[in-house]
Amino acid sequence: MGETEKRIETHGIRCLSKMKMFLLAITCAYVSKTLSGSYMNSMLTQIERQFNIPTSLVGFINGSFEIGNLLLIIFVSYFGTKLHRPIMIGTGCVVMGLGCFLKSLPHFLMNRYEYESTVSVSGNLSSGSFLCMENGTQILRPTQDPSECTKEVKSLMWVYVLVGNIVRGMGETPIMPLGISYIEDFAKSENSPLYIGFVETGAIIGPLIGLLLASFCANVYVDTGSVNTDDLTITPIDTRWVGAWWFGFLICAGVNVLTAIPFFFLPKTLPKEGQEDNADIIKNENEEKQREEFKKEKNGITKDFLPFMKSLSCNPVYMLFILISVIQFNAFVNMISFMPKYLEQQYGKSSSDAIFLMGVYNLPPICIGYIVGGLIMKKFKITVKQAAHIGCWLSLLDYLLYFLSFLMTCENSSVVGINTSYEGIQKDLYVQNNIFANCNVDCNCPTKIWDPVCGNNGLSYLSACLAGCETSIGAGINMVFQNCSCIQTSGNSSAVLGLCDKGPDCYTMLQYFLILSATSSFIYSLAAIPGYMVLLRCIKSEEKSLGVGLHTFCTRVFAGIPAPIYFGVLMDSTCLHWGTLKCGESGACRVYDSATFRYIYLGLPAALRGSSFIPGLIILILLRKCHLPGENASSGTELIETKVKGKENECKDIYQKSMILNDDELKTKL
């Protein structure tokens, strides 16, 4: 008897350690997948500039991840529970690594990056070609040489990034639905929220590392090591700057492959937590596996698919939850994907600084919110109905705070000839004829090339030539232009390379915006775990894997894919000046109308999030009137325990009374 108990205890410890090993492995998988995803989102601006493509096309590339995910999500979510879930997750991590490697390939297949400039031609200074000169034969203009135009086919290299993102999406598919269902199947119901909270914390650590990596890479020139960076006439704050986006993808590829290793050593199933020391359950588990395998061979693996789909589609709480998720994902996908661009255009930050600030101010509060939300669910044993109320009202509070961000604004960058006159008066519409004035009409300047300078009068100009500058001193980024006839100042008029700073008031507004963003992130993440519990507990236990997969499928189709595309189109509509390629074609946008950009970036998500509260209130009403299928798992256990205790008390009473009852009366009572 002692040996049996010892064997059972050893088995229980071994199973518990495997559950902890799975939790550690799935948390690392979440870190690796979110590391890759956050890095990709942070590099969208760099990819846009590298390949000279519009924001709408960048949005399509970003959404291609969801396309890859859709190719497998339903298959993996349903059939994954029938197969070896840990091995499927490990295989997915390897595929993600392959996708990240594919995205880095264009850097090794393309020539060096060349940015448009009136100052530099292929990295060599062209003396005098960038100044105001009546003889314009030296002025740099877009070439019409067919051989030069042929070289621009290299811009199609963005297809590698597209394909790589699709492959990464395919690899990411099994991690979330199979990982969550594995925890739900083999963890105690009261421990499940806490475990999922820890896993979701891994999904925050990953983006934090990804954003820090992206911030570092965005600050390093794309061709560093092969060009002399001292000759560059642009800085990381310039909209023509391209960081070393390819380097981070190589790191992501290696991390994903390493993360896959533990999953190939984990078992297909584990005993339910709390039942490891029950020999009968351990014995029956193997018998149940054999019966299940026999049942699969007899009836086929797809027998329950259509009934499960019908059951889920007829579940009003589940379908309304999907509707809420789709609406809110449309809002948050856009906000997260284009937040670096918003901080660049609105507050004048570089890509590196914008990515770093987004990570530092948003991710730690989200991480804390996930942990606190999971602990609250475990500590107070929150029911599904209570969780729904918590999620709804906290989201409403976050939504109301969100409107304060409309007040934290900065003025447009004053660029003469685009949104400002030569007298310093801002105007609303771009007028082509106003690019020239009496001070530069005879300079024969190029009008499409973006090579801005900042005058000592606080205004920016499209180029030193359009500022009427006649001489220059210094070299590279330290070049100073003098005798600028269009810059109206009391003393010597001069200009330096780059746009003018937005001033201290804009910096203060940025701090307010980041603090508000951090507060909103904490409140929203605090509501995330209760909300996710509503999703898991509003469906039957045997439908959970398919239910989670279908939920993910819908958010990918109706939010993940279209949202970046239509949002990118709207952003492109606010562009004030497009970059120019060698053959005169439009490249990436160089400067936006920040006021209109702000209304789109903040206003559209506000409208979407507001509409999501309508189905949310309907869910609260439905939960007051009905009993959820998922509640049977927890309440059913309590009901069984109550019945067992009742039977034990009844048997005790019978035993005590049997001391005085005769045999016939005892038989009748039993």
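Reading guide: rules and limits
Residues numbered from 1 in each chain as written. Predicted model: local features only at pLDDT ≥ 70, side-chain atom pairs only at ≥ 80, totals over all residues. Heavy atoms only, no water. Buried < 20%, exposed > 50% of the residue type's maximum accessible area, 1.4 Å probe, protein only. Helix = DSSP H or I, 4+ residues; strand = E, 2+ residues; numbered from the N terminus. Pairing = 2+ DSSP bridges. Expected span 1.5 Å × (residues − 1). Patch = residues over 30% accessible without salt bridge, like charges linked within 9 Å, V, L, I, M, F, W, Y side chains within 5 Å. Areas by Shrake-Rupley, 256 points an atom, 1.4 Å probe, with all protein chains shown as cover. Salt bridge = Lys/Arg side-chain N within 4 Å of Asp/Glu carboxyl O. Phe/Tyr/Trp six-rings, centres within 6.5 Å; stacked < 30°, edge-to-face > 60°. Lys NZ or Arg CZ within 6 Å of the ring centre and 35° of its normal. pLDDT = per-residue confidence, 0-100. Contact = heavy atoms within 4.5 Å. Disulfide = S-S within 2.5 Å. Axes fitted to C-alpha atoms, helices over the stretch in contact; angles between N-to-C directions. Parallel < 35°, antiparallel > 145°, perpendicular 65-115°, else oblique. Left-handed = near helix turned anticlockwise from the far one by under 90°. Nonpolar A, V, L, I, M, F, W, Y, C, P; charged D, E, K, R; others polar.

### Brief notes about the pairing of strand S9 (residues 575-580)
Most of S9 sits inside the fold, with five of its six residues counted as buried. When S9 meets strand S10 (residues 586-592), the two strands line up antiparallel, connected through four bridges. In the strand pairing of S10, Trp-578 is matched with Cys-589.

### A closer look at helix H16 (residues 384-402)
End to end, H16 covers 27 Å across 19 residues, agreeing with the expected 27 Å (1.5 Å per residue, within 8%). When we look at burial in H16, the residues that qualify are Val-384, Ala-387, Ala-388, Gly-391, Cys-392, Leu-394, Ser-395, Asp-398, Tyr-399 and Tyr-402.

### Brief notes about a nonpolar patch on the surface
Residues Met-21, Ile-87, Val-94, Leu-258, Ile-261, Phe-264 and Phe-265 make up a contiguous nonpolar surface patch of roughly 660 Å² in combined accessible area. Within the secondary structure, Phe-264 is located in the loop between helix H10 (245-260) and helix H11 (279-299).

### Details of the pairing of strand S8 (residues 494-497)
Looking at chain direction, strand S4 (residues 453-455) and S8 are connected through three bridges and run antiparallel. When the sheet's bridge partners are listed, Gly-455 is paired in S8 with Ala-495. Strand direction decides the pairing type here: strand S7 (residues 480-482) and S8, joined by three bridges, are antiparallel. Paired with Val-480 across the two strands is Val-496, which belongs to S8.

### Brief notes about unusual backbone geometry
Most peptide bonds adopt trans geometry, and most residues besides glycine take a negative phi value. Not every positive phi belongs to a glycine, and Lys-381 is a case in point at roughly 50 degrees. Mapped onto the elements of the fold, Lys-381 is located in the loop between helix H15 (351-379) and H16. The class for Lys-381 is exposed, based on a relative accessible area of 62%. Positive phi, normally seen in glycine, also occurs at Asn-444, with a value near 55 degrees. Positionally, Asn-444 belongs in the loop between strand S3 (415-416) and S4.

### A closer look at the packing of aromatic side chains
By the definition in use, this model includes 24 aromatic pairs. Arranged with centres 6.4 Å apart and planes meeting at 90 degrees, the rings of Tyr-402 and Phe-406 form a pair that is edge-to-face. Taken together, the ring pairs in this structure connect Phe-338, Tyr-342, Tyr-347, Phe-513, Phe-567, Tyr-592, Phe-597 and Tyr-601 into an aromatic cluster. Over the ring of Tyr-30 we find Lys-33, and its NZ or CZ is 4.9 Å from the ring centre. If you follow Arg-598 out to its NZ or CZ, it ends over the ring of Tyr-599, 5.2 Å from the centre.

### As for the confidence of the model for the protein chain
Taken as a whole, the protein chain shows an average pLDDT of 79; of its residues, 79% reach a score of 70 or greater. By mean pLDDT, helix H23 (residues 663-669) is the weakest element of the protein chain at 35, and H10 is the strongest at 95. For residues 121-128, every residue scores under 50 in pLDDT, and the model assigns this stretch 12 contacts once sequence neighbours within four places are set aside. Overall, residues 429-433 carries pLDDT values under 50, and its contacts beyond four positions in sequence, including any with other chains, amount to seven contacts.

### Details of the state of the cysteines
Here, the word disulfide means a covalent bond between the sulfur atoms of two cysteines. If you walk through the whole model with that rule in mind, you get six disulfides. Each sulfur of the disulfide joining Cys-445 and Cys-465 lies 1.9 Å from the other. Given an S-S torsion of about -80 degrees, the disulfide between Cys-445 and Cys-465 has left-handed geometry. Linking Cys-445 in the loop between S3 and S4 with Cys-465 in the loop between strand S5 (460-461) and strand S6 (471-473), this pair joins segments that are 20 residues apart in sequence. Each member of the pair, Cys-445 as well as Cys-465, is classed as buried. Across the disulfide, Cys-469 is cross-linked to Cys-484 (sulfur-sulfur distance 1.9 Å).

### Things to note about the pattern of salt bridges
With the rule as written, the count across this model stands at nine salt bridges. Glu-172 is the salt-bridge partner of Arg-556, the closest N and O atoms lying 3.2 Å from each other. You can see Arg-556 sitting in helix H18 (residues 544-560) and its partner Glu-172 sitting in helix H7 (residues 158-172), a full 384 residues away along the chain. As far as the burial class goes, Arg-556 and Glu-172 line up, both buried. Note that Asp-238 is salt-bridged to Arg-240, the shortest N-O span being 2.9 Å. Side by side, Asp-238 and Arg-240 carry an identical accessibility label, which is buried.

### Observations regarding the packing of H16 against helix H20 (residues 594-611)
Put simply, H16 and H20 touch, their axes get as near as 11 Å, and they point 155 degrees apart. The orientation of H16 with respect to H20, classified from their angle, is roughly antiparallel. The handedness of the crossing between H16 and H20 comes out as left-handed. The segment H16 lies against H20, with Ser-395, Asp-398, Tyr-399 and Tyr-402 engaging Tyr-601, Leu-602, Pro-605, Ala-606, Arg-609 and Gly-610. Taken together, the residues of the contact of H16 with H20 break down into six nonpolar, two polar and two charged.

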